[in-house]
Amino acid sequence: MSWWDKILAFIPLELVQGLGVTGKYLFRKKVTVQYPEQRLEPKDRFRGMFGFSEERCIVCHNCAKACPIDIIHITDHFEESVVDGKKRKKKVLDRYDIDVKRCMFCGLCEEACPTKPVAIWLTTKTYETAAYERNERLYFDKVRLQTWDGVLPFPGVKAPAEGGMPEDPKAEKKAAGGEGA
Amino acid sequence: MTYLVIPLVKIVVILLVLILGAAYLTFFERKILAYIQIRLGPNRVGPKGWLQAIADALKLFVKEDLTPARSEKFVFLLAPVLIIVPALLVFAVIPFGPSDIWRLTDINVALLFVLGVSSVGIYGIILGGWSSNNKYSLMGGLRSAAQLISYEVPMGFAVVTVVVMAGSLSLVRIVEVQRELGVWFFLPGIVALFVYFVCGVAETNRNPFDLPEAESELVGGFHTEYSGMKWAFFFLGEYANMIVISAMATVLFFGGWLPPFPNLLAPLWALPAVAWVPPPFWFLLKVAAFIFLYMWFRGTFPRYRFDQLMRLGWKVLLPVSLANLMVVALGVLILGGRS
């Protein structure tokens, strides 16, 4: 270090440089999302609140078997009916419960569903499921899974019972470009 | 009347403006820091968040006021008072404008008064840290003591350069001299201004010299054990001290209440469209600029390590301010300065 450099070292140019950086940021566009008024839209594959459709469900129990922590509880019975002189047996869903408070949103139930379009899907973009009492309010039976009672749907998304049953919940057909209403 | 009512009114006005200003500085600080960090900052209380400072003050009023069981009760109570009183007392001599209406008093050793009184504030910090009976507080207090003693010296030398140039200790006279000479002292005293402001930042325990209250190491430093209004006093004292340092920098180096280029643009300032602007407006504008600089610093610089702090104070600022004093004194001597 020469004597000239030593003198220059006294002039705090780096400080001015740093001030310049923060000074620039002062006038940048702010990135804050004002949450209750503004929301970011989740991606299409985002796993949110369950959508469930009883009319699509064939009661195959695949989702319950696929669930790694066994939080899907299904009971059913057979109903016999006579159609055109033949006896027909049909499985009827009694209970379809999901203990959402323990759900880790792995989406394996959705993967396992053999129907097309799937009867259970997580791509609802709906994440405002907070509740004051988790055992009561986060345990969804088949009615609440469809009416979404106690869930605030993402703007533009409807509960399955209100017609929010997408044709392509898993967005497999790119042309459909998503789901929702 | 002249000796009781008018000064009393002035005192009340100054105190109110100062305390309200200090409260609002917290709001501005949060806003500026947020903007530097490309956030929005407080904007929920009142329109655009303007009532945030009031809400904070109300919150502090109703908060529980805890005193540690093993603390030194009287000193614990005394410390916040010791910190806020000197900070407010300094404003007795600060001239906001040229005539007597704009200041409380003008004493001929005002500069000495300011330096002396503002140094008393350090007792508040040390005693507050000691009486809390808490290791973190004591560490904060000790650091503060070492820091303030170290930085008082170069600050004194920086101020002395102005005294040499002005030939007076009266703050009013210093500003008058700047008007008469036609040059504000920040030009001949650019080094002194730098040293003064760095020391000022260090004396008010602000970033990057906020070691006494370094949150990440000492919890809250000397005010760890304080809560409620006592804590608010510490806070108010810190911000009032910021205003003091900024006001002093304005008076000493930036021509106090004088408008920009008071002599060159004299015809402009005499225009009726501009002449109604009261001198304190210019004063407050400059003070605001310095306070913005404080907040800008806080948004920019990381905290010094303690040995770096000491090295900067004793090995850089002290020699620089001494050399600068000699150069300035020589200049005044050669240019036939005032005696």
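About the thresholds
Residues numbered from 1 in each chain as written. Chains lettered and ligands numbered in written order. Predicted model: local features only at pLDDT ≥ 70, side-chain atom pairs only at ≥ 80, totals over all residues. Heavy atoms only, no water. Helix = DSSP H or I, 4+ residues; strand = E, 2+ residues; numbered from the N terminus. Buried < 20%, exposed > 50% of the residue type's maximum accessible area, 1.4 Å probe, protein only. Contact = heavy atoms within 4.5 Å. Areas by Shrake-Rupley, 256 points an atom, 1.4 Å probe, with all protein chains shown as cover. Core = buried A, V, L, I, M, F, W, Y, C linked by side-chain atoms within 4.5 Å. Salt bridge = Lys/Arg side-chain N within 4 Å of Asp/Glu carboxyl O. Nonpolar A, V, L, I, M, F, W, Y, C, P; charged D, E, K, R; others polar. Expected span 1.5 Å × (residues − 1).

(A) Quick peek at the overall build of chain B. When helices and strands are tallied, chain B shows 13 helices and zero strands. Each helix and strand of chain B, placed in order from N terminus to C terminus, yields the pattern α-α-α-α-α-α-α-α-α-α-α-α-α. Each principal axis of the C-alpha atoms in chain B carries an extent, and together these give about 60 × 50 × 45 Å. Counting only residues that meet the buried cut, chain B has 49% of its 339 residues in that class. Taking the intrachain contacts of chain B between residues at least 6 apart in sequence as the baseline, contacts between residues at least 24 apart amount to 79%. Element-wise, carbon and sulfur atoms account for 74% of the exposed surface of chain B, whose accessible area totals about 16,200 Å².

(B) How the structure looks around the nonpolar core. Membership of the largest hydrophobic core comes to 80 residues, with the highest contact counts inside it found for Ile94(B), Leu171(B), Tyr196(B), Met248(B), Leu252(B) and Phe253(B). With near-sequence residues (within four places) excluded, Met248(B) lies in contact with Ile94(B), Leu111(B), Val114(B), Leu171(B), Tyr196(B) and Phe253(B). Judged by nonpolar contacts, the second largest core, of 31 residues, contains Phe50(A), Ala64(A), Val100(A) and Trp148(A).

(C) Quick look at the interface of chain B and chain A. In this complex, chain B contributes 17 residues to the contact, which on the side of chain A involves 16 residues. Along the contact surface separating chain B from chain A lie one salt bridge. Between Glu37(A) and Arg44(B) there is a salt bridge whose closest N-O contact spans 3.2 Å. Of all the elements, helix H12 (residues 279-300) of chain B adds the most residues to the side of chain B that touches chain A, at five residues. In terms of residue class, the side of chain B that touches chain A is made up of twelve nonpolar, three polar and two charged.

(D) The arrangement of H12(B) in detail. For H12(B), which comprises 22 residues, the first-to-last C-alpha distance of 32 Å matches the rise-based estimate of 32 Å (1.5 Å per residue) to within 8%. Within H12(B) the residues assigned to the buried category are Pro280(B), Trp282(B), Phe283(B), Lys286(B), Val287(B), Phe290(B), Ile291(B), Tyr294(B), Met295(B), Phe297(B) and Thr300(B). Where H12(B) is buried, its residues contact helix H2 (13-26) of chain A together with helix H1 (5-36), helix H7 (190-203), helix H9 (228-253) and helix H10 (266-270) of chain B.

The quantities given are spatial measurements derived from coordinates; they are silent on function.
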